[in-house]
Amino acid sequence: MLKSIYHKILTDSDQKKRQLAVLIDPDKVDEEGVMGVAEMVNRYRADYVFSGGSLLTSDFMPTCLKILRETVHVPVIIFPGNNMQVNPNADAILLLSLISGRNPELLIGNHVLAAPVLKKSGLEIIPTGYMLIESGKITSVVYMSNTTPIPSDKPDIASCTAMAGEMLGMKLIYMDAGSGAALPVSARMIRHVRSNIKVPLIVGGGIRTADDAIKTWDAGADIIVVGNATEHEPDFIRRLCETRDFMNGATDMKYQIKAR
Ligand code: 1GP
């Protein structure tokens, strides 16, 4: 029997393997762009491809997922902005409950509406406690969710929120500064949360350099998510994968990291 994607996340995280998810926003790419990212993901062995967006204005997502499913050799995971982004053409979906906010629709309401479709979809469903972290500007996800993000200098609030999510049965905690965030989630906040939960921790938003990635992994993120920076420069996927391999102790490392 095939092991689940969550099993891989859990096993890799238990073994302290840093993992990389490349995020594709279907509004920001065309077919050629998706193929380009897929090629880099396969060549350098990124761990996962996430796809979704807090607001999609085109109808490209189903095509995007179809291309990804046919081309990439790693799990394709929906990172949904809303119910309309549920699609059977993926391996799994992060079923996000926005636990940093107090918007009932994003805590449980939309999940009730989506439940029958999700049940029939065949997708592996991964319950995820989703936490927005204030990041220096109002990101699309903060605006669209109509919630207040956790202040960036309040790691204790972040930790208590993550602990509550874990106690409620969330299998992952995802701390997100939001796509295109001015600043990534701080190492201090990641460390604080990491030391208070056992489930795998995903961190994303505003990671633009290998140094950002190193700091985020070093602070305790099991999976980092990078979107914008790879859209602007697909070769960044190579650098991130090489950085990850170096940090994970791979011996065939050709790339020297200049950590600050
Ligand atoms: C956003 O965590 C993701 O939800 C990735 O953000 O696009 O800024 O890399 P970026």
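Quick note: structure is the one above.
What counts and what doesn't
- Residues numbered from 1 in each chain as written.
- Predicted model: local features only at pLDDT ≥ 70, side-chain atom pairs only at ≥ 80, totals over all residues.
- Heavy atoms only, no water.
- Near = heavy atom within 4 Å.
- Polar contact = N/O pair within 3.5 Å; in protein donor to acceptor, adjacent residues only side chain to side chain.
- Areas by Shrake-Rupley, 256 points an atom, 1.4 Å probe, with all protein chains shown as cover.
- 1 Å grid on protein atoms, 1.4 Å probe; cavity = no way out; pocket = protein on both sides within 12 Å on 5 of 7 lines; lining within 4 Å.
- Sits in = over half its atoms within 2 Å of the grid points.
- Helix = DSSP H or I, 4+ residues; strand = E, 2+ residues; numbered from the N terminus.
- Core = buried A, V, L, I, M, F, W, Y, C linked by side-chain atoms within 4.5 Å.
- Buried < 20%, exposed > 50% of the residue type's maximum accessible area, 1.4 Å probe, protein only.
- Contact = heavy atoms within 4.5 Å.
- Phe/Tyr/Trp six-rings, centres within 6.5 Å; stacked < 30°, edge-to-face > 60°.
- Patch = residues over 30% accessible without salt bridge, like charges linked within 9 Å, V, L, I, M, F, W, Y side chains within 5 Å.
- Salt bridge = Lys/Arg side-chain N within 4 Å of Asp/Glu carboxyl O.
- Pairing = 2+ DSSP bridges.
- Axes fitted to C-alpha atoms, helices over the stretch in contact; angles between N-to-C directions.

**Student:** Help me understand the site of the ligand in this model?
**Tutor:** Lining the immediate surroundings of the ligand are 14 residues, of which D176, S179, G180, G227 and N228 lie closest. Here an oxygen atom of the ligand sits 2.5 Å away from a polar atom, N or O, in the side chain of D176. With respect to the ligand, the backbone of G180 contributes an N or O atom lying 2.7 Å from an oxygen atom. In the complex, the protein chains occlude 96% of the 310 Å² of accessible area that the ligand would expose alone. In this structure the site holding the ligand corresponds to the largest pocket. For the shell around the ligand, the secondary structure elements donating two or more residues are β6 (172-176) and β8 (223-226).

**Student:** Even after reading the chapter, I still don't get the nonpolar core, so can you show me in this structure?
**Tutor:** For soluble globular proteins, nonpolar side chains are generally found buried alongside one another. The biggest cluster of nonpolar side chains holds 84 residues, and the ones touching the most others in it are L20, F50, L94, M131, I173, M175 and I224. Contact partners of L94, with chain neighbours within four places excluded, come to F50, I77, I78, F79, P80, I126, T128, L172, Y174 and I202.

**Student:** I'm lost on the packing of aromatic side chains in this one. Help?
**Tutor:** Tallied over the entire structure, the rule returns four aromatic pairs. Ring geometry for F79 and Y130: centres 5.7 Å apart, planes at 80°, overall edge-to-face. With a gap of 51 residues between them, F79 in the loop between β3 (76-78) and β4 (92-98) and Y130 in strand β5 (residues 124-132) connect regions that are remote in the sequence. We note that F79, like Y130, is buried. Summarising the aromatic geometry, the rings of Y130 and Y174 are spaced 5.2 Å apart at their centres and angled 80° between planes, so their arrangement reads as edge-to-face.

**Student:** When you look at a nonpolar patch on the surface in this model, what are you seeing that I'm missing?
**Tutor:** A cluster of nonpolar side chains, L55, I138, Y143 and M144, forms an exposed patch at the surface whose accessible area comes to about 500 Å². Position of L55 relative to the elements: it lies in the loop between β2 (48-51) and α3 (61-71). Relative accessible area serves as the criterion here: at 49%, L55 is assigned to the partly exposed category.

**Student:** I tried to follow the environment of I237 on my own but got confused; where do I start?
**Tutor:** Along the chain, I237 falls in helix α10 (residues 235-247). The class of I237 is buried, set by a relative accessible area of 0%. Each C-alpha atom of the pair I237 and Y44 lies 7.5 Å from the other, and the pair is 193 residues apart in sequence. When neighbours within four sequence positions are excluded, I237 is seen to be in contact with V22, V37, M40, V41 and T230.

**Student:** I keep staring at the sheet that holds β8 and nothing clicks. Help me out?
**Tutor:** Strand pairs in the sheet, formed through backbone hydrogen bonds, run parallel or antiparallel to each other. With respect to topology, eight strands assemble into a closed barrel ordered β1-β2-β3-β4-β5-β6-β7-β8, the strand pairing being parallel. In this sheet, adjacent strand axes meet at a mean angle of 30° when their direction is disregarded. Here helix α7 (residues 187-194) sits on the sheet in contact with β6 and β7 (201-204), set at roughly 165° to β7.

**Student:** I keep staring at the pattern of salt bridges and nothing clicks. Help me out?
**Tutor:** Pairing between side chains of opposite charge can happen when the charged atoms of each approach one another. Under the criterion given, the structure shown has 16 salt bridges. Here K28 ties to E231 by a salt bridge, and the two come within 4.0 Å at their closest N and O atoms. Residue K28 is located in the loop between β1 (19-24) and α2 (31-44), and its partner E231 is located in helix α9 (residues 228-232); the two are separated by 203 residues in the primary sequence. The exposure class of E231 is partly exposed, given its relative accessible area of 23%. Between D91 and R69 there is a salt bridge whose closest N-O contact spans 3.1 Å. One end of the pair, D91, is in the loop between β3 and β4; the other, R69, is in helix α3, and 22 residues separate them in sequence. Taking the relative accessible area as the measure of exposure, D91 reaches 25% and is therefore partly exposed.

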